[in-house]
Structure formats: structure tokens, C-alpha cells
Amino acid sequence: MTTSINEQYMRAALVEAQKAYVIGEVPIGAVVVHDGVIIGRGHNLREHLNDGVAHAEIMAIQEACGMLQSWRLIDCDLYVTIEPCLMCSGAIVNSRICSVYFGSRDPKAGAVRSLYQVLEDNRMNHQVNVTEGILSKQCSQIMKDFFKAARKRKKKN
């Protein structure tokens, strides 16, 4: 895929991240793409749903599975603003997603490149193509802005 197409899908993931930001959730967004069409969208909802697995990737994968009426997302790609964690990486592998594109690394929880390389591990029953750095500055900036505002609120209280 061309860079502009990848950026288009990452912008859609950033829209999801902004939705999370507005409601006070950690601003991570994700979209699942099949045959050039977004079939799953998600943003973090852990606080609102009181659900530890309500990560952006999981929400997008669940919607995509519903759209395709299958747990197998073989011909699908996932775009996510921040490097997936270990849980989400497991869901990506188990969903048989073809490729993952992410914006910025997560040095504290990233399981794609930072702490682990789960998606490309040949010991797994499925490997996923990985591309990183798409709109990296925008993806990391929304996180920085969110946590800066959170620290400011905490200090004020």
C-alpha cells in the first residue's frame, strides 16, 4: 500500500483516539481494514465499561468479526495509533490479521517491537506483517497532551 493510503487509515485511527481523549480515556484508536473498507473501529473504553480488555484494538477486532461473521480476519489489516500491548498482540495473532500498522512505540507495554516481538515470532501459529511509524508524531502527541492534562488536573486537585 502507498504511504498516503496508510496515512488515510491511520488518520481514521486518530479520529478514534480523539474520541477516547474527549471522554477521558487513554487516547488510543484502531481501525480494521478489509478490501479497502474500514470494517471495525475502536478506541479505549476501559474506564467507561469497567472492562480491562476494552482496548482500542479489541473493540475494532470485535466489530470487524461481526461485520465478516467470522473470527478469522485473514485478509484484514489493523491500524493502531500506539504499539499494541501483549494482550492485544495475542488477539491480533489469534484473529489471523494479515498486517499491523502502528504510529508510535510504547516502551512500557509494547509487545510488537518494544518489549516483545509477538507478531513476527515464528514460534507462533501465525505471523503478522508489521509496519511502524505511520503519522508517528501525531500519534505520540495526542498521548503526550492527554497525560500532560491528566497531571495538571491531578496537581490542581
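Owing to the predicted nature of the structure, the values given are computational and were not obtained by experimental measurement.

Peer 1: Tell me about the overall build of the protein chain, and please be specific about residues and values.
Peer 2: The secondary structure content of the protein chain amounts to 5 helices and 5 strands. What you see in the protein chain, going N to C, is helices and strands ordered as α-β-β-α-α-β-α-β-β-α. For 157 residues, the compact-globule formula gives about 15 Å, and the C-alpha radius of gyration of the protein chain, at 15 Å, lands near that figure. Its C-alpha atoms give the protein chain principal-axis dimensions of about 50 × 30 × 30 Å. Counting over 157 residues, the protein chain shows a buried share of 46%. Taking the contacts inside the protein chain whose residues are at least 6 apart along the sequence as the reference set, 56% of them involve residues at least 24 apart. Here the protein chain has roughly 8500 Å² of accessible surface; of this, 52% comes from carbon and sulfur atoms. In the protein chain, 19 positive and 16 negative side-chain charges are present, and the distance between their average locations comes to 11 Å.

Peer 1: Tell me about the pattern of salt bridges, and please be specific about residues and values.
Peer 2: By the definition in use, this model includes 6 salt bridges. Residue Glu132 is joined to Arg113 by a salt bridge in which the shortest nitrogen-to-oxygen separation is 2.9 Å. Of the two residues, Glu132 is situated in strand β5 (residues 129–132) and Arg113 in the loop between β4 (99–104) and β5; the sequence distance between them amounts to 19 residues. Residue classification places Glu132 among the partly exposed positions, given a relative accessible area of 29%. On the accessibility criterion, Arg113 (22% relative accessible area) is partly exposed. If you follow the salt bridges from partner to partner, you end up with Arg105, Arg113, Glu120 and Glu132 in one network.

Peer 1: So, the UniProt feature "domain: CMP/dCMP-type deaminase" (unreviewed entry) in the protein chain: which residues are in play, and what are the values?
Peer 2: The sites that carry the UniProt feature "domain: CMP/dCMP-type deaminase" (unreviewed entry) are, in the present numbering, residues 4–115. End C-alpha to end C-alpha, residues 4–115 measures 29 Å, and it is 41% helix and 23% strand.

Peer 1: Lay out the side chain of Asp77 with the relevant residues and their values.
Peer 2: As for its placement among the helices and strands, Asp77 is situated in strand β3 (residues 76–82). This buried residue, Asp77, is left without a salt bridge; Arg113 holds the nearest opposite charge, at 13 Å. Polar side-chain contacts of Asp77 include one of 3.4 Å to the backbone nitrogen of Ser99.

What counts and what doesn't
- Within each chain, residue numbers correspond to sequence positions counted from 1 in written order.
- This being a predicted model, a pLDDT of at least 70 is required before a residue's local features are given, and a value of 80 or more before pairs of side-chain atoms are given or counted; all residues contribute to the totals for chains, interfaces and linings.
- The side-chain figures draw on all heavy atoms in the structure; neither hydrogens nor water molecules are used.
- Secondary structure counts use DSSP, requiring at least four H or I residues in a row for a helix and at least two E residues in a row for a strand, with both numbered from the N terminus.
- In this setup the radius of gyration rests on C-alpha atoms only. A globule is expected at 2.2 Å times the number of residues raised to 0.38.
- Using a 1.4 Å probe on the protein chains alone, a residue whose accessible area is under 20% of its type maximum counts as buried, one over 50% counts as exposed, and one in between counts as partly exposed.
- By definition, residues are in contact when any of their heavy atoms lie within 4.5 Å.
- Only the protein chains shown count as covering a residue, and every accessible area follows the Shrake-Rupley method with a 1.4 Å probe.
- Residues counted as positive are Lys and Arg, residues counted as negative are Asp and Glu, and His and the chain ends are not counted.
- Note that the charge is assigned to NZ on lysines, CZ on arginines, CG on aspartates and CD on glutamates.
- For this document, the term salt bridge refers to a Lys or Arg side-chain nitrogen within 4 Å of an Asp or Glu carboxyl oxygen.
- UniProt positions are given in the numbering used here, feature names are shortened, and annotations may be inferred rather than shown by experiment.
- Two N or O atoms count as a polar contact when they lie within 3.5 Å, although within protein this holds only if one can serve as hydrogen donor and the other as acceptor, and sequence-adjacent residues are included solely when both atoms are side-chain atoms.

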